[in-house]
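Each chain is listed here by its residues.
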Amino acid sequence: EAKSLLADVFLNTKNYKAAIELLEDIPNLNTRSKEAYQKLTFHRAAELYLNHEYDKAETFFRKSLKYPINKTQEGHAYFWRAEIAAKSGDYNTSINLMNRFMSYDEITLYKNHGYYSIGYSYFKMKDYPKAQIFFSKFKDKESYNNENKKLYLDNTQRLADCYFINGEYDKAITEYSYIIKNNY
């Protein structure tokens with residue numbers, strides 16, 4: 001119990017590493033400690049991801065899935081693992097993990113980005129018909145604004161490329177024109 005309380009202190013002070021080490025020393029975690037472990041390992045993974053330490057981040061995102069109490073956090077762990085897999089060029093794993101993330105109905109944050117990410121993985125694998133499907137889904141569900149300008153226009157560029165490669169030239173011209181109009 002004392003170690004669990006100390007882990008809470010480390011969580012609040014953002015000393016995730018020390019808190020995780022404490023909890024990993026406890027043989028049988030109670031539900032509250034399991035929830036804390038999930039949260040701590042997820043936040044430690046995010047910290048490592050932001051520092052571009054993707055292999056270490058992957059390890060902690062996996063650890064956060066050991067006790068999947070918070071379903072939203074569980075889903076987000078799959079999202080970030082998919083992103084790491086894509087960065088390392090493991091596109092099949094990325095697609096599988098992103099599909100797992102997309103299956104969480106209670107999650108809406110990053111959902112549209114998930115369509116882009118899956119499309120991007122198929123694009124990198126040169127499966128342009130499937131890439132086109134997911135880039136189209138992103139475009140159908142997302143609207144252009146200052147916050148997502150870069151991602152939206154990149155999606156549009158890749159969608160245009162898919163249309164072109166797939167022989168849908170009129171649609172490709174429409175998308176390329178949109179990109180040019182928006183100075184991308």
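Above this text sits the structure in question.
Now for a quick tour of the structure. (Residues numbered from 1 in each chain as written. Predicted model: local features only at pLDDT ≥ 70, side-chain atom pairs only at ≥ 80, totals over all residues. Heavy atoms only, no water.)

## So, the environment of His 76
Filter applied, for reference: A run of DSSP states H or I qualifies as a helix once it reaches four residues; a run of E qualifies as a strand once it reaches two. Both are numbered from the N-terminal end. The buried label applies to any residue whose accessible area, calculated with a 1.4 Å probe on protein chains only, is under 20% of its type's maximum; exposed applies above 50%, and partly exposed to all values in between. The criterion used for residue contact is that any of the two residues' heavy atoms lie within 4.5 Å.
In this structure, His 76 sits in helix H5 (residues 71–87). Residue His 76 is classed as buried on the basis of its relative accessible area, which comes to 12%. Separated by 24 residues in sequence, His 76 and Arg 100 place their C-alpha atoms 10.0 Å apart. Here His 76 is in contact with Phe 42, Phe 101, Ile 107, Leu 109 and Tyr 110, once residues within four sequence places are set aside.

## Focus on a nonpolar patch on the surface
The criterion, for reference: Patches were defined on residues exceeding 30% relative accessible area and lacking a salt bridge, with like-charge contacts within 9 Å and nonpolar side-chain contacts (Val, Leu, Ile, Met, Phe, Trp, Tyr) within 5 Å. The accessible surface values rely on the Shrake-Rupley method and a 1.4 Å probe; as for residues, cover is taken only from the protein chains in view. Here, a salt bridge means any side-chain nitrogen of Lys or Arg that lies within 4 Å of a carboxyl oxygen of Asp or Glu.
Together, Phe 164, Ile 165 and Tyr 169 give the surface a local cluster of nonpolar side chains, amounting to about 320 Å² of exposed area. By the secondary structure assignment, Ile 165 is in helix H9 (residues 149–165). A residue is classified by how much of its surface remains accessible, and Ile 165, at 45% relative accessible area, is partly exposed.

## What about unusual backbone geometry?
If a residue is not glycine, its phi is most likely negative; likewise, a peptide bond is most likely trans. In this structure, His 52 is a non-glycine residue whose phi angle is positive, near 65°. As for its position among the elements, His 52 is in the loop between helix H3 (31–50) and helix H4 (54–64). The phi angle at Tyr 110 is positive, at roughly 75°, despite the residue not being glycine. For Tyr 110, the location among the structural elements is in the loop between helix H6 (91–102) and helix H7 (111–124).

## A look at the nonpolar core
Rules: To qualify as a nonpolar core, a set must consist of buried Ala, Val, Leu, Ile, Met, Phe, Trp, Tyr and Cys residues joined through side-chain atoms within 4.5 Å.
Formed by 47 residues in total, the largest nonpolar core has its most connected members in Leu 23, Leu 40, Phe 61, Met 98, Phe 101, Ile 118 and Phe 135. Of all the secondary-structure elements, those providing two or more residues to this core are helix H2 (16–24), H3, H4, H5, H6, H7, helix H8 (128–141) and H9. It is H3 that provides the largest number of residues to this core, a total of seven residues. Here Phe 135 is in contact with Tyr 116, Gly 119, Tyr 120, Phe 123, Asn 155, Arg 158, Leu 159 and Cys 162, once residues within four sequence places are set aside.

## A look at the packing of aromatic side chains
Here is the rule: Ring pairs shown here join Phe, Tyr and Trp side chains whose ring centres sit within 6.5 Å, with only the six-membered ring taken for Trp; geometry is labelled stacked below 30 degrees between planes, edge-to-face above 60, and tilted in between. For a Lys NZ or an Arg CZ to count as sitting over a ring, it must be within 6 Å of the ring centre and within 35 degrees of the ring normal.
On inspection of all chains with the given rule, the structure shows 21 aromatic pairs. Measuring from ring centre to ring centre gives 5.1 Å for Tyr 49 and Tyr 54, while their planes differ by 65°; the resulting arrangement is edge-to-face. Residue class for Tyr 49 comes out buried when judged on its relative accessible area of 12%. For Tyr 54, a relative accessible area of 22% translates into the label partly exposed. Here Arg 44 stacks its cationic end above the ring of Phe 60, 5.9 Å away from the centre of that ring.

## What to know about the packing of H6 against H7
Applied cut-off: Angles here are taken between N-to-C directions and fall from 0 to 180 degrees, while the axes themselves are lines fitted to C-alpha atoms, restricted in helices to the stretch in contact. Orientation labels follow simple angle bins: below 35 degrees gives roughly parallel, above 145 gives roughly antiparallel, 65 to 115 gives roughly perpendicular, and whatever is left gives oblique. The sense of a crossing depends on the near helix, which, turned anticlockwise from the far helix by less than a right angle, makes the crossing left-handed and, turned clockwise, makes it right-handed.
Contact pair H6 / H7: the axes reach a minimum separation of 9 Å and the direction vectors enclose 160°. Judged by the inter-axis angle, H6 sits roughly antiparallel to H7. Once H6 is placed against H7, the crossing between them reads as left-handed. Facing H6, whose interface residues are Tyr 91, Ser 94, Ile 95, Met 98, Asn 99, Phe 101 and Met 102, H7 presents Lys 111, Gly 114, Tyr 115, Ser 117, Ile 118, Tyr 120, Ser 121, Tyr 122 and Lys 124.

## Examining the layout of surface pockets
Defined as follows: Note on definitions: the grid is 1 Å and covers protein atoms alone; a cavity is a set of points where a 1.4 Å probe fits but cannot get out; a pocket is an open set with protein on both sides within 12 Å along at least five of seven lines; lining residues have an atom within 4 Å of a point. Grid points are joined across faces, edges and corners, and a volume is the space filled by probe spheres set on the points. When residue character is reported, Ala, Val, Leu, Ile, Met, Phe, Trp, Tyr, Cys and Pro are called nonpolar, Asp, Glu, Lys and Arg charged, and the others, Gly included, polar.
Volume-wise, the largest pocket comes out at about 170 Å³. As for the largest pocket, its lining consists of 13 residues, and the residues nearest its centre are Phe 79, Tyr 110, Asn 112, His 113 and Leu 151. Among the secondary structure elements, those contributing two or more residues to the lining of the largest pocket are H5 and H7. Across the lining of the largest pocket, the residue classes break down as six nonpolar, four polar and three charged.

Take it as geometry only, folks, not as evidence of what the structure does.
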